[in-house]
Amino acid sequence: MAEPQVKKLADTKSCSKKFSVANMSMLFKNCAERSDVDNVNMECYLDSWFELIRFLNSMGKGFSFIGSDVVEKCNHLKALQNMTQEGYETVESMVLHEKENDLIQYKGKSTKPILSGSRTLLRLHRALIFLKIFFDKICENTSDESAKVSQMCYDAYHASPMPKYHPWLVRKAVGMAVLVLPTRKTFANQLCQTDLTHEQIYEYLRECAKHMNLLYENTEKIYQRYELMDLP
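Residues numbered from 1 in each chain as written. Predicted model: local features only at pLDDT ≥ 70, side-chain atom pairs only at ≥ 80, totals over all residues. Heavy atoms only, no water.

A.B. asks: How should the side chain of aspartate 36 be read in this particular structure?
C.D. replies: Within the secondary structure layout, aspartate 36 lies in the loop between α1 (21-32) and α2 (42-58). Here the side chain of aspartate 36 touches arginine 34 through a polar contact of 2.8 Å, side chain to side chain. Not counting chain neighbours up to four residues away, the residues in contact with aspartate 36 comprise Asn41 and Thr90. (Helix = DSSP H or I, 4+ residues; strand = E, 2+ residues; numbered from the N terminus. Polar contact = N/O pair within 3.5 Å; in protein donor to acceptor, adjacent residues only side chain to side chain. Contact = heavy atoms within 4.5 Å.)

A.B. asks: It is not clear to me how the nonpolar core should be interpreted in this structure. Could you clarify?
C.D. replies: Inside soluble globular proteins, nonpolar side chains tend to come together where they are buried. Formed by 72 residues in total, the largest nonpolar core has its most connected members in Trp49, Phe55, Phe63 and Phe134. Considering every element that reaches this core, the biggest residue donor is helix α5 (residues 117-138), with 12 residues. Excluding residues within four positions of it along the chain, tryptophan 49 makes contact with Val70, Cys74, Leu124, Ala127, Leu128 and Leu131. (Core = buried A, V, L, I, M, F, W, Y, C linked by side-chain atoms within 4.5 Å. Buried < 20%, exposed > 50% of the residue type's maximum accessible area, 1.4 Å probe, protein only.)

A.B. asks: It is not clear to me how the pattern of salt bridges should be interpreted in this structure. Could you clarify?
C.D. replies: When their charged atoms lie close together, side chains carrying opposite charge are able to pair. Following the criterion strictly, the structure yields 10 salt bridges and no others. A salt bridge links arginine 225 to glutamate 92; the shortest N-O distance between them is 2.7 Å. With arginine 225 in helix α9 (residues 198-225) and glutamate 92 in helix α4 (residues 91-100), the pair connects residues that are 133 residues apart, well separated along the chain. On the accessibility criterion, arginine 225 (48% relative accessible area) is partly exposed. For the salt bridge of aspartate 102 with lysine 112, the shortest nitrogen-to-oxygen distance reads 3.2 Å. (Salt bridge = Lys/Arg side-chain N within 4 Å of Asp/Glu carboxyl O.)

A.B. asks: What exactly am I supposed to notice about α4 here?
C.D. replies: Think of an α-helix as 3.6 residues a turn; residues three or four steps apart then line up on the same face. In terms of residue burial, α4 counts as a mostly covered element, since seven of its 10 residues are buried. Listed as buried for α4 are Val91, Glu92, Ser93, Met94, Val95, His97 and Glu98. Turning to α4, the residues buried within the fold contact α2, α3 (64-83), α5 and α9. Residue aspartate 102 follows α4 closely and has a positive phi angle near 55°.

A.B. asks: Got a minute to help me understand the packing of α4 against α9 in this structure?
C.D. replies: In a packed pair of helices, the relevant descriptors are the angle between the two axes and the axis-to-axis distance. Between α4 and α9, whose axes approach to 10 Å, the crossing angle comes to 20°. With respect to α9, the element α4 is oriented roughly parallel. Judged by the twist between their axes, the crossing of α4 over α9 is right-handed. Where α4 approaches α9, its residues Val91, Glu92, Met94 and Val95 are matched on the opposing element by Thr219, Ile222, Tyr223 and Arg225. Taken together, the residues of the contact of α4 with α9 sort by class into five nonpolar, one polar and two charged. (Axes fitted to C-alpha atoms, helices over the stretch in contact; angles between N-to-C directions. Parallel < 35°, antiparallel > 145°, perpendicular 65-115°, else oblique. Left-handed = near helix turned anticlockwise from the far one by under 90°. Nonpolar A, V, L, I, M, F, W, Y, C, P; charged D, E, K, R; others polar.)

A.B. asks: Would you mind going over the state of the cysteines with me for this structure?
C.D. replies: A covalent bond between the sulfur atoms of two cysteines is what we call a disulfide. Across all of its chains, the model carries one disulfide by this definition. Bridging cysteine 31 to cysteine 44, the disulfide has an S-S length of 2.0 Å. Its S-S torsion of about 60° marks the bond between cysteine 31 and cysteine 44 as right-handed, since a negative value means left-handed. Here the residue cysteine 31 occupies a position in helix α1, and cysteine 44 occupies one in helix α2, the gap between them amounting to 13 residues. Exposure remark for cysteine 44: the relative accessible area of 14% places this residue in the buried category. Left without a disulfide partner, cysteine 139 is nearest to the cysteine sulfur of cysteine 208, which lies 9.5 Å away. Among the cysteines around cysteine 153, which has no disulfide bond, cysteine 139 carries the closest sulfur, lying 14 Å off. (Disulfide = S-S within 2.5 Å.)

A.B. asks: Mind showing me how you'd approach the packing of α4 against α5 here?
C.D. replies: Between α4 and α5, whose axes approach to 9 Å, the crossing angle comes to 140°. Here α4 is positioned oblique relative to α5, judged by the angle of their axes. Seen from α4, the contacting residues are Val91, Met94, Val95 and Glu98; seen from α5, they are Gly117, Ser118 and Leu121. The residue inventory of the contact of α4 with α5, partitioned by class, reads four nonpolar, two polar and one charged.

A.B. asks: Before we go on, may I ask you to explain helix α6 (residues 149-159) in this structure?
C.D. replies: Buried within α6 are the following residues: Val149, Ser150, Met152, Cys153, Ala156 and Tyr157. Within α6, the buried residues cover an arc of 160° as seen down the axis, which keeps them to one side. (Arc of directions from axis to C-beta.)

Below is the structure:
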């Protein structure tokens, strides 16, 4: 299916600017505390994801199995939002707009000329809970700085919905990719937050995970309400 012919708004190079764990935490917090949080505001959701992409890029090849894919999906959603502002203000308005205009491809149905935002965001939704679980694991027992981040990432991936939708080869590739991830201490150093202690980094990640979870739960409710959890 064709995607809108627009200039990319983000890519691996632009997202490799200096990552800020404080900024990422603030963006998710601001999004989770909006008055329209139940509907999930699209602009702040995507802004939060773009900072999350900077985090993924700071980790190098360890997150290669997810990095380029989420950049593409965030760009696609941003493009749809720019083309039809009113229909893409929130996740719920997007779902309603696409259902009312027959823009969503369902299982066994004919393809649409443009990938729907509803289908695209569902992939980000699954990736978001994976990263939320990963942050939770990073922030457990932080005194053990020799703990393997590779195992935390592998366990978080398999605790998320992502493996259910990945073929065996992708699941195998994930297991290989995460092997390059370092110990918890090296992970904290690799984030390059030179003005923060490791414990301060973990505290920001804890707060971030809390707000990510609220956005995930609200998005989940929207997709369940409109019966869109199993889009192809």
